[in-house]
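# Tertiary structure, described
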Amino acid sequence: MKTNPVPRNPVAEHVQRIPRSGIRDFFEIVQSMTDVVSLGIGEPDFVTPWHIREAAIYSLEQGRTGYTSNLGAPKLRKAIARYVATHFGVSYDPANEVIVTVGVSEAIDIAIRAILNPGDEVLYHEPCYVSYNPSIVLAHGKPVRISTSAENGFALKAADVRRAITPRTRALMLNFPTNPTGAVLPRSDQEEIAEVCIEHDLVVLTDEIYSELTYEGQHETIASLPGMRERTIFLHGFSKAFAMTGWRIGYACAPAGLTEAMMRIHQYSMLCASIMSQEAALEALEHGREPMLAMREQYLRRRNFLTHQFHEMGLSCAVPKGAFYLFPSIAPTGLTSREFALRLLEEEKVAVVPGDAFGPGGEGFVRCSYATGMDQIETAAARIRAFVGRLRVPATV
Ligand code: PLP
């Protein structure tokens, strides 16, 4: 038998089409350097509060080391349903409308896979979190971006959603407060977008992982609007507000039929989220509000300081209403966002993420995470100021 000495590319075509995360590539460079002050990673600098860690340790001591129900431990699902009803005003039945996942990342993945037929289109606002586009492609869907702009606070408008709809549009992906811009979606815009979604029978996937980190006004979910609960998959988790990134724990809430569909994918891929993390998440929901609010207070102080710094440097920067990112425009420097980030890293040893990592609409911006200690932020701000000063940004911008 004749054998081919060069095997054909074994990687599936749709996987080949997925780009590597711009953030990962950039941070490989950062990790190879020493003494870098990083405003790069979207990860709280706080360690998970002690009472949450202690709950996990206690559960291990008790010998709770097995699988849980595929949907998640019933006591955690009940606590999630209570939490979502209290803080978001939407009621879900913990028996069949809540599924505990491995971070919100898994919830996004199974939600998309549960609803898409090949070729279905999913709309998402952009700049946005790096995983939405590839998750849609991996589910054989077609990502369709809706650009948002700094001029109107990166808000999503119903008219833009309407314009992007085709007969193949299946769903709209939302993320407010937004990574990387910190934008929120005012209730009036939510209402108009909900109307469009109902008219065109779209499913709404709403990633509200930063909802607790809202600094002005009360966070509200589109799922609580009339006619929306039945067509919305509400995605949330513990990584950000409770400083629990490493525990890998999140959840999705949706009507029973959609939850069952997500569960079928989850049960064959993940089986269940780690029991230890589920125990910790229960403690976070039951007793974690005060420490969470204390962390939010710190983020708010840092946000105010850093925004002020950028304004003083002559770089325009919307005051983010939520999450823990600043998204200043670096256009007046004449550099692309990648050039800006690379030179800042080389010349001043400060890491920020080039805006184009969040989609083409992020060009001309960089993302600065303020989920890092105030002393680091102060050092970073002084170094950025020195760098921008050398570029001679006109004072009027
Ligand atoms: N969604 C958004 C908008 C994020 O910014 C992130 C992490 O940065 C995630 C989801 C992932 O969250 P998790 O750690 O729960 O998987």
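A brief look at the structure comes next. As the structure is a computational prediction, the values presented were derived from the model and not from experiment. (Residues numbered from 1 in each chain as written. Predicted model: local features only at pLDDT ≥ 70, side-chain atom pairs only at ≥ 80, totals over all residues. Heavy atoms only, no water.)

## Details of the sheet that holds strand β12 (residues 366-369)
If you walk across this open sheet you meet the three strands as β9-β12-β11, and the pairing is antiparallel. Pairing within the sheet leaves two strands with one partner each, and these edge strands are β9 (325-326) and β11 (353-354). Here β11 pairs with β12 via two bridges, running antiparallel. Looking at β12, one finds that P354 is bridged to V366. (Pairing = 2+ DSSP bridges. Helix = DSSP H or I, 4+ residues; strand = E, 2+ residues; numbered from the N terminus.)

## Some details on the packing of helix α5 (residues 103-115) against helix α9 (residues 256-269)
Contact geometry of α5 with α9 gives a least axis separation of 9 Å together with a crossing angle of 115°. For the pair α5 and α9, the sense of crossing is right-handed. Counting all contacts with α5, which are made through E106, I110, A111, R113, A114 and I115, the residues of α9 involved are L258, A261, M262, I265, H266 and S269. Partitioning the contact of α5 with α9 into residue classes produces eight nonpolar, two polar and two charged. (Axes fitted to C-alpha atoms, helices over the stretch in contact; angles between N-to-C directions. Left-handed = near helix turned anticlockwise from the far one by under 90°. Contact = heavy atoms within 4.5 Å. Nonpolar A, V, L, I, M, F, W, Y, C, P; charged D, E, K, R; others polar.)

## A look at the site of the ligand
The ligand sits among 13 residues. The nearest are S105, D207, Y210, S239 and K240. Between the ligand and N179, the relevant distance is 2.8 Å, taken from an oxygen atom to a side-chain nitrogen or oxygen of the residue. In the environment of the ligand, a nitrogen atom lies 2.6 Å from a nitrogen or oxygen atom belonging to the side chain of D207. When the free accessible area of the ligand is taken as 400 Å², the share hidden by the protein chains comes to 93%. A per-element tally of the shell around the ligand places α5 first, with three residues. (Near = heavy atom within 4 Å. Polar contact = N/O pair within 3.5 Å; in protein donor to acceptor, adjacent residues only side chain to side chain. Areas by Shrake-Rupley, 256 points an atom, 1.4 Å probe, with all protein chains shown as cover.)

## Comments concerning the nonpolar core
Core analysis: the biggest nonpolar cluster contains 98 residues, and I233 and L235 have the highest contact counts within it. Broken down by element, this core gets its largest block of residues, seven residues, from α5. Not counting chain neighbours up to four residues away, the residues in contact with I233 comprise A111, I115, V203, V204, L205, T206, A252, C253, A254, L258 and M262. Counting residues in hydrophobic clusters, the runner-up holds 31 residues, among them I80, A81, Y92 and A280. (Core = buried A, V, L, I, M, F, W, Y, C linked by side-chain atoms within 4.5 Å. Buried < 20%, exposed > 50% of the residue type's maximum accessible area, 1.4 Å probe, protein only.)

## Observations concerning the environment of M33
Of note, M33 is situated in the loop between α2 (22-31) and β1 (37-38). For M33, a relative accessible area of 25% translates into the label partly exposed. Put simply, M33 and A273 are 240 residues apart on the chain and 35 Å apart in space, counted from C-alpha to C-alpha. The residues touching M33, leaving out its near neighbours within four places in the chain, are L345 and K349.

## Looking at helix α11 (residues 289-313)
Here α11 is 25 residues long and its end C-alpha atoms lie 36 Å apart, about the 36 Å a rise of 1.5 Å per residue gives. Taken residue by residue, α11 has M292, M295, Y299, R302, R303, L306, T307, Q309, F310 and M313 as its buried positions. Check the buried side of α11 and you find it contacts β9, β12 and α13 (374-391). (Expected span 1.5 Å × (residues − 1).)

## Here we look at the packing of aromatic side chains
The full count for this structure, using the stated rule, is 15 aromatic pairs. Taking 5.2 Å as the distance between ring centres and 55° as the angle between the ring planes, the aromatic pair formed by Y299 and F324 counts as tilted. Placement of the pair is Y299 in helix α11 and F324 in the loop between α11 and β9, with a sequence separation of 25 residues. Assessed through its relative accessible area of 0%, Y299 is described here as buried. For F324, a relative accessible area of 0% translates into the label buried. Each ring, one from F340 and one from F387, has its centre 5.2 Å from the other, and the planes form 80°; the classification is edge-to-face. One end of the pair, F340, is in helix α12 (residues 337-348); the other, F387, is in helix α13, with 47 residues separating them in the sequence. Take F340 and F387: they sit in the same class, and that class is buried. Every member of this aromatic cluster is reached through a ring pair, and the members are F46, Y210, Y299, F324 and Y325. (Phe/Tyr/Trp six-rings, centres within 6.5 Å; stacked < 30°, edge-to-face > 60°.)

Without other data, these values stay purely geometric and don't point to any function.
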